[in-house]
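# Structure at a glance
The residues making up each chain are set out below.
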Amino acid sequence: MSDDPKALLQRYQPKEVKVLKTDRQMAILRFSPCGNFLAAGGCDATVRRWDVSNAEMAELPPLTGHGGWVQALAFSPPPLTLLPQAGERGGSSSPSPPEGERGRGEGRLFTADSWGRLTCWPYAEKEAQPLWSVEQAHDGWVRGLAVSPDGKLLATCGMDQKVRLWSADDGAKKQELAGHNEDIYAVAFHPDGKSLVSGDLKGVIQVWDLESGKVVRRFDAKQLYLLSRLQDVGGVRCLAFDAKGETLAAAGTKPKVGANVQGVPTILFFDWSSGQVKHTLSIGNDGDGYIFDLHLHPAGFVMAVTSGNPGVGKLFFQRPADPQPFFLYTKMANCHSLAVHPNGQRLAVSATNANSNGNGRQIGKGTEYPGNYSPIHVFDLPTAG
């Protein structure tokens, strides 16, 4: 692969192909492993779904049963027979997971909400009903959810300062990992399936050995935290490994002030073997806020979205060692989630409608601020060549 940023831009420049309309704010979205479905967790206690196997991208009936904001969402990993083949594009030729596979790991979607409920769904079924549900997986807000590489375990974390492990098959609680003293925002399994990482409000990243359930290392991401006028600001908002498990990315903001949170979106790239930060990537200025979602691309760059002051949002691609992004898109407001299709040639970004305020206050006779909702922007990347 060329080291020329212009060559990277030409090869990995997304083109917007569709905007999916919603009537509520969508906090998180992900593509299914087969590539045929897109799911989004809503702030109206629903999970929205789209069939993205063709250009129409029709919306399917929503999944209902949650009681609060659905901000954590993950699919079970695919069986090997469902992995997309090289050259497949946009999900059009990826096989669908079998409908009705209610007793097996494939074809499952896991969701969690701000009231602590954790639920498992057969996502490919048109009128899907929960396979199982844990009413109070956490005491309050579940902020992060991850599925182990073999699909057997779920990890959740939340505002109760706990990390818990669950059976993906039936929702049985397997283990509780206690060691954080702050709200926990993110969890991620190492690709080898032997370790789990969790990141909290004060920038402490714990590395857990899953066999013993003990903390074996801690990574320092404290630059993502600030105590400002007795208000805690920042935290590790998302965690992601590269495919080989050699790099851990921890992202959030480098806070400046905490009243109306000001900070520079920042990603710390840790060397997994040493635990040391090998690159620090900051994008934009104090008004650009947080990195809320990211993906480490096999070609050696990060894809990420930001949300800052009202109306400020970015989608960018950048190599960790480069001073500037080779791709930067600023036409979406307040981006909260980034989904990458399993074939790597399609992206979806959950943003916020322009000029929204979200509180419904009148600004004049017969005029109101529009409430928040999330247009979902779908992009295609050029076919690899």
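Details of the structure are given in the entry above.
In this report, we go over the structure that sits alongside the text. (Residues numbered from 1 in each chain as written. Predicted model: local features only at pLDDT ≥ 70, side-chain atom pairs only at ≥ 80, totals over all residues. Heavy atoms only, no water.)

Counting through the fold element by element, Ser274 comes out in the loop between β22 (262-271) and β23 (277-282). Overall, the relative accessible area of 41% leaves Ser274 in the partly exposed class. For the pair Ser274 and Glu246, spaced 28 residues apart in the sequence, the C-alpha separation amounts to 9.9 Å. (Helix = DSSP H or I, 4+ residues; strand = E, 2+ residues; numbered from the N terminus. Buried < 20%, exposed > 50% of the residue type's maximum accessible area, 1.4 Å probe, protein only.)

Attention now goes to the packing of aromatic side chains. Going through the model one piece at a time under the given rule, you end up with 15 aromatic pairs. Where Trp69 meets Trp141, the ring centres are 5.6 Å apart and the plane angle is 85 degrees; that geometry is what we call edge-to-face. Of this pair, Trp69 sits in the loop between β5 (59-64) and β6 (70-75) while Trp141 sits in the loop between β9 (132-134) and β10 (142-147); the two residues are 72 residues apart in sequence, bridging distant segments of the chain. Both rings, one in Phe327 and one in Tyr329, keep their centres 6.5 Å apart while their planes meet at 5 degrees; by these two values the pair is stacked. For the pair formed by Phe327 and Tyr329, the shared burial category is buried. Three or more aromatic residues link up through ring pairs in this structure, and these residues are Tyr12, Phe301, Phe317, Phe326, Phe327, Tyr329 and Phe379. (Phe/Tyr/Trp six-rings, centres within 6.5 Å; stacked < 30°, edge-to-face > 60°.)

It is worth spelling out the environment of Val305 at this point. Note on placement: Val305 falls in strand β25 (residues 302-307). When its relative accessible area of 0% is taken as the criterion, Val305 is described as buried. C-alpha separation for the pair Val305 and Cys335, spaced 30 residues apart in sequence, amounts to 5.8 Å. Excluding anything up to four places from it in sequence, Val305 contacts Tyr290, Ile291, Phe292, Asp293, Lys314, Leu315, Cys335, His336, Ser337, Leu338 and Val349. (Contact = heavy atoms within 4.5 Å.)

Let's shift gears to the pattern of salt bridges. Side chains that carry opposite charge are capable of pairing whenever their charged atoms lie near each other. Counting across every chain of the model gives 12 salt bridges. Residue Asp23 pairs with Arg48 through a salt bridge whose shortest N-O separation is 3.0 Å. Remark: Arg48 occurs in strand β4 (residues 46-51) and Asp23 occurs in the loop between β1 (15-20) and β2 (26-31); sequence separation between them is 25 residues. Given the relative accessible area of 44%, Asp23 is considered partly exposed. Here Asp322 ties to Arg319 by a salt bridge, and the two come within 2.7 Å at their closest N and O atoms. Both residues of the pair, Asp322 and Arg319, count as buried. One network of salt bridges, in which partners are shared, links Asp23, Asp44, Arg48 and Glu59. (Salt bridge = Lys/Arg side-chain N within 4 Å of Asp/Glu carboxyl O.)

To continue, consider the environment of Lys173. Position of Lys173 among the secondary structure elements: in strand β13 (residues 173-178). Classification of Lys173 as partly exposed rests on a relative accessible area of 45%. The sequence separation of Lys173 and Val134 amounts to 39 residues, and the corresponding C-alpha distance is 9.2 Å. For Lys173, the residues in contact, after removing those within four places along its chain, are Arg164, Leu165 and Trp166. A polar atom in the side chain of Lys173 sits 3.0 Å from the side chain of Glu176. (Polar contact = N/O pair within 3.5 Å; in protein donor to acceptor, adjacent residues only side chain to side chain.)

Our focus in this paragraph is unusual backbone geometry. Phi at Ala45 is positive, roughly 70 degrees, even though this residue is not glycine. Of note, Ala45 is situated in the loop between β3 (37-42) and β4. Positive phi outside glycine occurs at Met57, with the angle close to 55 degrees.

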